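For reference, the chains in residue letters:
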Amino acid sequence: MADEDQQQGNKAKRHGMLKMYYGIEEDQDGGASLDPCDINGAHFKADTYLARLIKEKTLTELMDEESKTLTQIKALDSDMQTLVYENYNKFISATDTIRKMKNDFRKMEDEMDHLATNMSSITEFSANISCTLQDRRQQITKLAGVHSLLKKLQFLFELPARLKKCIEMQAYSQAVRYYSKAKRILHQYQHMPSFKGISEDCNKIIQELCQLLRQQFKNKESTPKQLAECVDLLLQLGEPAEVLCEEFLSHARQKIDEEDLKVLDRQICLQRGEEIKMEGESPAQAYLGTTPMDVLEFVDSGCNGFLSNICLVIAFYNDTFLNKHQEDDNTDAMALKKLVHFVNELMEKYFNFVQRRVQLEKETGDNTILVRSLDRFHRRLQAMNKLLPDTDFSRAGTEIVSRAAKDRVGYYLQTLKQNFADCLTDIRQNLAAPRLVGKQDSSAQLSDLLHSTQSTILEQIKSVLGNLQAFTASDITFAMKPYFRGPFCTQDVREGLIVGFLNHINSVCEEFCEGTGDRGSVPPALLLILSRLCLDFEGSTISYLLTLTEEQFLLEENLSHSLTPVSDLCTKAKNTAQRLLNHYVKVQGLSISQMLRKSVETRDWLNTIEPRNVRAVMKRVIEDITAIDMQVGQLYEEGCRKERSSDSSRRTHPHSYSVSQNKKPGQWNYAPSIDNSLMSNIQKLFSEKIEIFSTVEFSKVSVLTGIVKISLKTFMECVRLRTFGRYGLQQIQVDTNYLQLYLWRFVSDENLVQVLLDEIVGSTVHRCLDAVLMEQSVIDLICERG
Amino acid sequence: MDDEAPVIYGLEFQARALSAQTAETDKIRFLVGTQSLRAENQIHHIDFDDENNIINKNVYIHREGEIWDISASTMDSNLLATCYNKTTESKTEMRGAVWKLPSDYDSTQVEDHSSHQSLQLVCHLDDTEYGDMKSVLWHPTGDSSSLIGLSDNHILLWDLDSSSSTAKLTASAELESKGQPKMTCGRWNPHHNSQQVATANDTAIRGWDIRSMQQVYVIENAHGQLVRDVDFNPNKQYYLASCGDDCKVKFWDTRNPTEPLKVLAEHSHWVWAVRYNHFHDQLVLSSSSDSRVILNNIVSLSSEPFGHLVENDDDSDEDQQVQNRSTEAPKDGVIATYEEHEDSVYAVDWSSADPWVFASLSYDGRLVINRVPRAEKYKILL
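Residues numbered from 1 in each chain as written. Chains lettered and ligands numbered in written order. Predicted model: local features only at pLDDT ≥ 70, side-chain atom pairs only at ≥ 80, totals over all residues. Heavy atoms only, no water.

We apply this condition: UniProt positions are given in the numbering used here, feature names are shortened, and annotations may be inferred rather than shown by experiment.
In the annotation of an unreviewed UniProt entry, the entry for chain B reads Protein TSSC1, and the organism field reads Mizuhopecten yessoensis. Under Sequence similarities (unreviewed entry), UniProt gives the following word-for-word description of chain B: "Belongs to the WD repeat EIPR1 family."

By the naming in an unreviewed UniProt entry, chain A is Vacuolar protein sorting-associated protein 51 homolog, taken from Mizuhopecten yessoensis. Heading Sequence similarities (unreviewed entry) of the UniProt record for chain A holds this comment: "Belongs to the VPS51 family." Taken verbatim from the UniProt record of chain A, the Function (unreviewed entry) comment is "Acts as component of the GARP complex that is involved in retrograde transport from early and late endosomes to the trans-Golgi network (TGN)."

As for the interface of chain B and chain A
For clarity, the threshold we go by: Here, residues are in contact when the closest pair of their heavy atoms is within 4.5 Å. The term buried area denotes the loss of accessible surface (1.4 Å probe radius) that occurs when two parts are joined, taken as the sum for both partners. When a carboxyl oxygen of Asp or Glu lies within 4 Å of a side-chain nitrogen of Lys or Arg, that pair is called a salt bridge. Throughout this description, a polar contact denotes any pair of N or O atoms lying within 3.5 Å of each other; where both atoms belong to protein, one of them has to be capable of donating a hydrogen while the other can accept it, and for residues adjacent in sequence the pair is counted only when both atoms sit in side chains. Secondary structure elements follow DSSP: runs of H or I no shorter than four residues count as helices, runs of E no shorter than two count as strands, and numbering proceeds from the N terminus. Classification used: nonpolar for Ala, Val, Leu, Ile, Met, Phe, Trp, Tyr, Cys and Pro, charged for Asp, Glu, Lys and Arg, polar for all others including Gly.
Taken together, the contact between chain B and chain A spans 40 residues of the former and 30 residues of the latter. Between chain B and chain A, a total of about 3000 Å² is buried, with carbon and sulfur atoms accounting for 46% of that surface. If you look at where chain B meets chain A, you find 2 salt bridges. The salt bridge involving R767 of chain A is made with E66 of chain B; its shortest N-O contact spans 2.5 Å. Linking chain B with chain A are 12 residue pairs in polar contact (both at pLDDT 80 or more), by the criterion used here. Within the residue set of the side of chain B that touches chain A, elements represented by two or more residues are β6 (66-72) and β7 (79-87) of chain B. Taken together, the residues that form the side of chain B that touches chain A break down as 10 nonpolar, 14 polar and 16 charged.

Looking at the packing of aromatic side chains
The geometry of an aromatic ring pair is captured by two quantities: the separation of the ring centres and the angle between the planes. Here is the rule we go by: Any two rings among Phe, Tyr and Trp, with Trp reduced to its six-membered ring, count as a pair given centres within 6.5 Å; such a pair is stacked if its planes are under 30 degrees apart, edge-to-face if over 60, and tilted if neither. Only protein chains enter the accessibility calculation, which uses a 1.4 Å probe. A residue is then buried if its area is under 20% of the maximum for its type, exposed if over 50%, and partly exposed in between.
According to the stated counting rule, one finds 11 aromatic pairs over all chains in the structure shown. Seen from their ring centres, F420 of chain A and F501 of chain A are 6.3 Å apart, and the 90° between their planes marks the pair as edge-to-face. Placement of the pair is F420 of chain A in helix α13 (residues 393-432) and F501 of chain A in helix α17 (residues 482-514), with a sequence separation of 81 residues. Take F420 of chain A and F501 of chain A: they sit in the same class, and that class is buried. Relative to Y363 of chain B, the ring of Y346 of chain B lies with its centre 5.5 Å away and its plane at 75°, an arrangement referred to as edge-to-face. You can see Y346 of chain B sitting in strand β27 (residues 345-350) and its partner Y363 of chain B sitting in the loop between β28 (357-362) and β29 (366-371), a full 17 residues away along the chain. Across this residue pair, the class does not change: Y346 of chain B and Y363 of chain B are buried.

Structure follows, in structure tokens:
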């Protein structure tokens, strides 16, 4: 049983190997292989299979199964036979090949043995030969060594002489080359007396050479090329680069200081009008030094002298110190630092000079030369920038340029202010002068004065803008730089100049309104003109000016958020105009009220005679108001007025007091007084409250209304402080009637005059001991006569 | 009930004389004098009931003439002085007299016009040779029974003996200047032992020493036009407020007459009266013929420029105070503008009893009693 199992295992193994050989995939039947009844499976067990067959199948089926199995077995047998047969031939040919190989290898072994013996004999021979040649070769190498050594020694012994000769011939570079060759050896064998002598000699000579070189280096007259050579050689001779840099730079500085900057300095002194001492100089220099140059020449001489020299120095320095020491970063950095420091220092001095010189250029009106010189200056600086990439002089230069531009703007602003002050003085003089001749003339000139002032201011601003445009001309390099152009156009020109000037006008005008005490002498007409001026500014001039500025200086719209908006300026101007006009109304109103007050206070109203005439004061008032009307009419439009329903109603007097008077003539007692105040109170209820010193509109009518209101209110308050007799009351009646006749045409709302006059008469009635009113027809008659 | 609402009282006549009943310090009382040429003039004794917001009044007949100025005595609450206009057919005269209220205030008095009592005359302050009497001033502290009368161009010092009902003229001083100077108003300085008086004529304000009856200082051109009123700061001895026809209220230090300390230009017409609050001198009232009353806060010139700096025993309150003060520094400015009047407001005065109540009187006879806005009140108190 065990054997059977093993046989079966072997069989299965073989089976597997066969399968592998034929590439049958085992796992295909892997799933079924566990089934012992699968006849093709690996775990097929014949007994179980057979038992199952017998159990499950009928006889006929079994019979069929048997025959089927038999045929399958037969087929398998024949298959096996063909397989064995096919492979047999292959085995035979393989055996043949192996046998043949065995024979070939044996022959090869023999030949290899032979080769080995030959090789050993060759080695023997070569060893012999080298043995015999050894001695001679050693001798030869020794001799060669000695020869070269002798040569070197000869060079060394001759070195001092050579060096001397080289120095005599001024072939410094040759000398340095020789020396640098020998230097190490000499240094090494210093302890031997003979070498020491040579070394000392050489060193002496070389030190001499160094001295010579240094002399040349320090010599003012030596050309840059010579200098470069010197520096080069000195560097090779091991002079420390740092010291050399320093010396070189200080040398250069001295030169530049003495020659170029001094000239600039002297120029500035000259420009200031300072005396300078003459030193012993050539006549040409003396001439150059004593005549003041204009700013263009100044910048030119700065560019040609100072800047070009400093450029040369930089270029040379770059060549000698910077480009050669690439192997040593430290030295390089140090040298660069020194250079930058040097250049910065000098440039600072130079900028300082230019700045001072440009500042001196204040008083002239023309910009072109200044701008051209600034342009040249700016351009040269940009060229500098290319030479020394790490530093930015053009920034500093532009700063100077912008500062110069700013100074100019400030100067122009000052001029404008001065001009405005002159305008004001002119107006004052004009106002004062014709007053001697006659009032009418003076008022006739107001509009002319306004226009001339306006046009002068505008022209001034335009010319200033034109002058300033030179700074932004297209052929000027710095004008194209955004960091100059932006701030200059917006901050300086627009904000600083235009907006600044407008604000100045405003503040000057406001001063007129405030300083009543100190500047009490301001003529009212001036207030009026200024008010109109500010109003015109608000209406058109401001926007015109700003648009003009924006056009001329190509201001960009997107910057406008940082600018003072036009609307702000307009509002400001309008406020100022309003304040001026209000002040005008107040001043004029007060002067008329003063007249009225005096007239009421100084009269004994109890004991006057029956009125025959309108009092002269009232005529004066009307005259004055008419004059004011003409004055205002010159500058302000008529304005709208509240029309009453019909002209005829003007003459009728529906006053409360007259109504009550008509009812109860001559019976003034307790009752009508209440009646009266009641009536006036009712009237007040329906009419709007009258603001006395209120804001007026920009129209003639409104201005006049303001003045009339102030005057009449004063009249009323004065009346209330007095006690009247019958004729006093009647005089007031006549006066107010007269005022009414003439005042209605000046004011916007006749009703207002009516109400105020009624109140005056009403108050007079209150203050009257014997209130008997005059007949309206008599009043009319007196008024017409007056 | 809205405490802030003004209380309005109407008189039947025109009126321009108003005074707090100065010697009465418990109740809010005002005296108003009417101005009528034809009817019998009255003095209205107004009592304001603060809690119920009710006005009670007593009306007394003032037989002598229309009242232009009224001033309550500082020593006896029943005494008052008036300047009245005595008119005859051909002339008017301004006279002064001292009166006594006939009875103590009687709130139960029957409202009956016919039964108005007359004022009892104490004495006339007559001295016709000095011209029209413009104003009568009582001694500011009530310590002495002296009176000052301002006539056209004289300052008259009277000594009142109320027991014998006589007044004796003890001294006088004459204002001498160009033209015919007429004094418009005056104020007795409560400081310096009450020995100074300030008067105003035309545009100038003058100070007088009543011991020597000499002028001690003058503010020329104090206002652009006529000066209408002056008032002394009750707490700071050299400080003076003035107002006038240039629509301005100005504050002066009498030691420096050349320049005002501060100028207010809030009114739109002449300013007729200016009054310091007796207790909190940052509160300044001004009234004007633009029919407005303006309550100003002039803290910068007050005796409490940094707020109320009294030592407070109540600790919890103190903390709050410190906080309030640090958050907002008090600033000058208008506290309120009162527009209840419809005619020119010629007089305004603080109550002598309640520091937060004041009355204003307009020409049409309307008396308005107002209070300082509560927010402002707390700001000052806390």
